[in-house]
Amino acid sequence: MQTVSTKIKKKPDIEVGQLVDRLMRAIHSDLGRKAPAFDREKVGPAGGMVLMVLADNEPMAIHELVRTIARDKAQVTRLLQTLGTKGLVEKSQSPTDGRVCVLRLTCKGWKTVARLRYAIAETISGLLEPFNGQERDNLKMLLKKVFDR
């Protein structure tokens, strides 16, 4: 016998959507202005996203990366080639499935991620300047809740 779900889908909160969108655009814009100071490898926003996703998930199969960053495979392949040429990412065969390539950051890639993380933290700290310590702690708790489901 099938169970019918009794969950009612809530309407999206448009105001929250707009505020989060504005926050994301402010972060992106500020990082773009600061990029010459921290993006020594000239990876750009798309390359930075790949490096950050790999830092959170390595080792990671290429098809998982494609799905995670929602880019087409050809675009990701070109990005990986560029990042590989710069010595930031390395590919190898999966130990469990020889048909699958897995990606890992190199030592240089991890150093680049550290610079990216610092730049992101600096940007967000500036945007959250009006918050007191308790408000920042509350925001951190709420953000963790979003990603811990």
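**A closer look at the overall build of the chain**
Counting its secondary structure elements, the chain contains six helices and three strands. Along the chain, helices and strands appear, N-terminal first, in the series α-α-β-α-α-β-β-α-α. For 149 residues, the compact-globule estimate of 2.2 N^0.38 gives 15 Å, and the chain exceeds it by more than 25% at 19 Å. C-alpha atoms of the chain, sized along the principal axes, occupy 55 × 45 × 25 Å. Within the chain, the fraction of its 149 residues that count as buried is 28%. Pairs at least 24 residues apart make up 54% of the contacts formed inside the chain by residues separated by at least 6 positions.

**Some words on the layout of surface pockets**
By volume, the largest pocket is sized at about 1700 Å³. Looking at the largest pocket, it is lined by 35 residues, and the ones nearest its centre are Met24, Ile27, Leu31, Ile120 and Ile124. Counting only elements with at least two residues in the lining of the largest pocket, the list comes to α1 (14-38), α2 (44-57), α5 (107-127) and α6 (133-147). Residue contributions to the lining of the largest pocket peak at nine residues, all from α1. Per-class residue counts for the lining of the largest pocket are 23 nonpolar, six polar and six charged.

**Brief notes about the sheet that holds strand β3 (residues 101-105)**
Here we have three strands laid out as an open sheet, ordered β1-β3-β2, and antiparallel in their pairing. Edge strands, defined here as strands with exactly one partner in the open sheet, are β1 (60-61) and β2 (89-93).

**Some remarks on the nonpolar core**
By size, the foremost hydrophobic cluster in this structure holds 26 residues, and its most contacted members are Val50, Leu51, Leu65, Leu80 and Val89. Looking at this core, the elements that each hand over two or more residues are α1, α2, α3 (62-69), α4 (73-85), β3 and α5. Here this core takes six residues from α2, the largest share from any one element. Dropping the residues within four chain positions of it, valine 89 is found in contact with Leu51, Leu54, Leu80, Leu83, Gly84, Leu103, Arg104, Leu105 and Thr106.

Cut-offs applied
Residues numbered from 1 in each chain as written. Predicted model: local features only at pLDDT ≥ 70, side-chain atom pairs only at ≥ 80, totals over all residues. Heavy atoms only, no water. Helix = DSSP H or I, 4+ residues; strand = E, 2+ residues; numbered from the N terminus. Rg over C-alpha atoms; globule rule 2.2 N^0.38 Å. Buried < 20%, exposed > 50% of the residue type's maximum accessible area, 1.4 Å probe, protein only. Contact = heavy atoms within 4.5 Å. 1 Å grid on protein atoms, 1.4 Å probe; cavity = no way out; pocket = protein on both sides within 12 Å on 5 of 7 lines; lining within 4 Å. Points joined across faces, edges and corners; volume = space filled by probe spheres on them. Nonpolar A, V, L, I, M, F, W, Y, C, P; charged D, E, K, R; others polar. Pairing = 2+ DSSP bridges. Core = buried A, V, L, I, M, F, W, Y, C linked by side-chain atoms within 4.5 Å.

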